[in-house]
Number of protein chains: 2
Amino acid sequence: MEVKVLKNILGANEQLAEKNRLLLEQNGVFTLNLMSSPGAGKTSLILETIRRLKEKAKIGVIEGDISSSVDAEAVSKEGAPVIQINTGGSCHLDANMIGNALSSLPLGDIDLLFIENVGNLICPAGFALGENRRVILSSIPEGDDKPLKYPVMFHEADIVVLNKTDLLPYVKFDQDAFSRALKGINERLKIIPVSCTTGQGLSEWVSWLKTQMEKS
Amino acid sequence: MEVKVLKNILGANEQLAEKNRLLLEQNGVFTLNLMSSPGAGKTSLILETIRRLKEKAKIGVIEGDISSSVDAEAVSKEGAPVIQINTGGSCHLDANMIGNALSSLPLGDIDLLFIENVGNLICPAGFALGENRRVILSSIPEGDDKPLKYPVMFHEADIVVLNKTDLLPYVKFDQDAFSRALKGINERLKIIPVSCTTGQGLSEWVSWLKTQMEKS
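It should be emphasised that the depicted structure is a prediction, and the values quoted were computed from it without experimental measurement.

(A) Representation of the packing of aromatic side chains in the model. Residue and element names in this part refer to chain A. Counted under the stated rule, the structure contains five aromatic pairs over all chains. Both rings, one in Trp205 and one in Trp208, keep their centres 5.7 Å apart while their planes meet at 15 degrees; by these two values the pair is stacked. On the criterion of helical spacing, the pair formed by Trp205 and Trp208 is a turn pair, its members being three residues apart in helix α8 (residues 202–215).

(B) Looking closely at the sheet that holds strand β7 (residues 190–193) of chain B. Residue and element names in this part refer to chain B. If you trace the seven strands from one edge of the open sheet to the other, you get β3-β2-β4-β1-β5-β6-β7, paired in parallel fashion. Across the chains shown, the open sheet's two edge strands, defined by having one partner strand only, are β3 (82–86) and β7. For this sheet, the mean angle separating the axes of adjacent strands, direction not counted, is 20 degrees. Where helix α2 (residues 42–53) meets the sheet, its contacts fall on β1 (30–36), β2 (59–65), β4 (112–116), β5 (133–139) and β6 (159–163), and the angle it forms with β2 comes to roughly 175 degrees.

(C) Expanded view of the pattern of salt bridges. One pass over the full model with this rule turns up 21 salt bridges over all chains. Measuring nitrogen to oxygen at the nearest pair gives 2.8 Å for the salt bridge that ties A:Arg51 to A:Glu78. In this pair, A:Arg51 is assigned in helix α2 (residues 42–53) and A:Glu78 in the loop between α3 (70–76) and β3 (82–86), connecting sequence segments 27 residues apart. In this structure, the salt-bridge partner of B:Arg134 is B:Glu156, at a minimum N-O distance of 4.0 Å. Highlighted residues: B:Arg134 in strand β5 and B:Glu156 in the loop between α6 (151–155) and β6, separated in sequence by 22 residues. Salt bridges here are not isolated pairs; linked through shared partners, they connect A:Glu48, A:Arg51, A:Arg52, A:Lys54 and A:Glu78.

(D) Seen up close, the pairing of β1(B). Residue and element names in this part refer to chain B. The element β1 is extensively covered by neighbouring structure, given that seven of its seven residues are classed as buried. Going residue by residue along β1, you find Phe30, Leu32, Leu34 and Ser36 tucked away on one face and Thr31, Asn33 and Met35 tucked away on the opposite face as well. Pairing of β1 with β4 involves five bridges; the strand directions are parallel. Counted as the bridge partner of Asn33 is Ile115 from β4. Sheet topology places β1 next to β5; five bridges connect them, and they run parallel. Bridged to Leu32 within β5 is Arg133.

(E) Expanded view of the packing of α2(B) against helix α8 (residues 202–215) of chain B. Residues and elements named next belong to chain B. Relative to each other, α2 and α8 sit at 75 degrees, their axes nearing to 11 Å. In terms of their interaxial angle, α2 and α8 are classed as roughly perpendicular. Here Leu45, Glu48, Thr49, Arg52 and Leu53 of α2 lie close against α8, whose contacting residues are Leu202, Trp205, Val206, Leu209 and Lys210. By residue class, the composition of the contact of α2 with α8 is six nonpolar, one polar and three charged.

(F) Representation of the environment of B:Glu116 within the structure. Residue and element names in this part refer to chain B. Assignment of secondary structure puts Glu116 in strand β4. Residue classification places Glu116 among the buried residues on the basis of a relative accessible area of 3%. Along the sequence, Glu116 and Ile191 sit 75 residues apart, while their C-alpha atoms lie 19 Å from each other. Not counting residues up to four positions away in its chain, the partners in contact with Glu116 are Leu34, Lys42, Thr43, Ile46, Ile62, Glu63, Gly64, Asp71 and Leu93.

(G) Representation of the sheet that holds strand β5 (residues 133–139) of chain A within the structure. Residue and element names in this part refer to chain A. Taken together, the seven strands give an open sheet; going across it, the order is β3-β2-β4-β1-β5-β6-β7, and neighbouring strands pair in parallel fashion. Edge positions in the sheet fall to β3 and β7 (191–193), since each of these pairs with one other strand and no more. If you compare each strand with its neighbour and ignore which way they point, the axes differ by 20 degrees on average. Relative to β3, strand β2 (residues 59–65) runs parallel, the two being bridged by five bridges. Among the inter-strand pairings, Gly64 is bridged to a residue of β3, identified as Ile85. In the packing of α2 onto the sheet, contacts are made with β1 (30–36), β2, β4 (112–116), β5 and β6 (159–163), and the angle to β2 comes to roughly 175 degrees. Its contacts with the sheet place α8 against β1, β4, β5, β6 and β7, and it is angled at close to 140 degrees to β1.

(H) Representation of the interface of chain A and chain B. With 30 residues of chain A at the interface, the matching set in chain B holds 30 residues. With both chains or domains summed, chain A and chain B bury close to 2400 Å², and 66% of this area falls on carbon and sulfur atoms. On the chain A side of the interface with chain B, the three residues burying the most area are A:Pro38, A:Ile122 and A:Lys149, jointly 24% of the side's total. Here chain A is connected to chain B by two salt bridges. When the shortest N-O distance is used, the salt bridge between A:Lys149 and B:Asp71 registers 2.7 Å. Across the contact surface, chain A and chain B share six residue pairs in polar contact (both at pLDDT 80 or more). Elements supplying a minimum of two residues to the side of chain A that touches chain B: α3 and α5 (146–149) of chain A. Considering each element in turn, the side of chain A that touches chain B owes the most residues, three residues, to α5(A). The residue inventory of the side of chain A that touches chain B, partitioned by class, reads 15 nonpolar, seven polar and eight charged.

Quick notes on the rules
Residues numbered from 1 in each chain as written. Chains lettered and ligands numbered in written order. Predicted model: local features only at pLDDT ≥ 70, side-chain atom pairs only at ≥ 80, totals over all residues. Heavy atoms only, no water. Phe/Tyr/Trp six-rings, centres within 6.5 Å; stacked < 30°, edge-to-face > 60°. Helix = DSSP H or I, 4+ residues; strand = E, 2+ residues; numbered from the N terminus. Pairing = 2+ DSSP bridges. Axes fitted to C-alpha atoms, helices over the stretch in contact; angles between N-to-C directions. Contact = heavy atoms within 4.5 Å. Salt bridge = Lys/Arg side-chain N within 4 Å of Asp/Glu carboxyl O. Buried < 20%, exposed > 50% of the residue type's maximum accessible area, 1.4 Å probe, protein only. Parallel < 35°, antiparallel > 145°, perpendicular 65-115°, else oblique. Nonpolar A, V, L, I, M, F, W, Y, C, P; charged D, E, K, R; others polar. Buried area = accessible area lost by both parts, 1.4 Å probe. Polar contact = N/O pair within 3.5 Å; in protein donor to acceptor, adjacent residues only side chain to side chain.

Right under this line is the structure:
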């Protein structure tokens, strides 16, 4: 009985995600669902991407948080159209919330849409939003064992960006162990190490992103 | 209708938590529910506490993870009795899981029980386990805005331990902003800054813990 209820909820989310996908495709918007632990640097990655890509692509952002709008305010200062979703307690974004946000965005004027999910390495994995790619942002101080402990999230990813490489000299982090753990979960998964503080690796990230947008 | 189902689930969890609380009390076990983001250092804090307190208190540990048993293996090396719960996808521990784990622990031989919750700054807040105190572990590289973004978890806390102070010279973190945000959520909340790498602040943490155990 309970399983049936869950199945219906997921079914409804899938239907709404498909509707979002169609709307985004019709408007030529390439969409990323950016997921990570709290404080891994999702907003920093979005800000650095806007700074590097804004001459080449019109970028929009949907910010997801339980509470507060500090991230949306930071994005807004870069001149990008942004909608803040406050989930009011919910631990993930869902396709219905995104559908509502899309109706307030100038989709015809957006080439690339970032959806910054709620900081959570578990629950967002189960909810499609209508995105083209799922980006997992991991970060050095979280430790090299995250793929082992949160395998579902990493299994669903299209790419892993590994942030805060500038902290490598100061914390224990075995990059080979991290790569091995990822390969065990998802053989084809590419890792791009970056530092949003020093800029290291961001050109590789932007170049991956441009390739994906051209493919779509 | 859906609200009613949720209410029943929470009711059942509360009942089971109360059963755990009674069993732990009868056995003279003081219990901590340790919650944080992934990679904030929960296991490191447990290991450092065992090293500092093991002559004075018999310590047991319940490890909660979606997958893997790496943390339980690390604890076991310190000679403490430990049970690993793999939630198999669930984003939090619940009182039923803890009840099952308690039946496999030598409760008569334990004075202090750590329950390391699943790394998640949202969902565990809604599920009492039968603990005496709720400890939130935050960490410097996650940023000073975490209380603003995850207010429910911090509102429910009895104490906040702020880990990885050794990284303060290398990342942006405004300790006053962190304190102010916490005070706005929970006026009486104490913050203990620590570094499990250098040992800084751990004596204050251990001393707080001993005082709480004496009170109970």
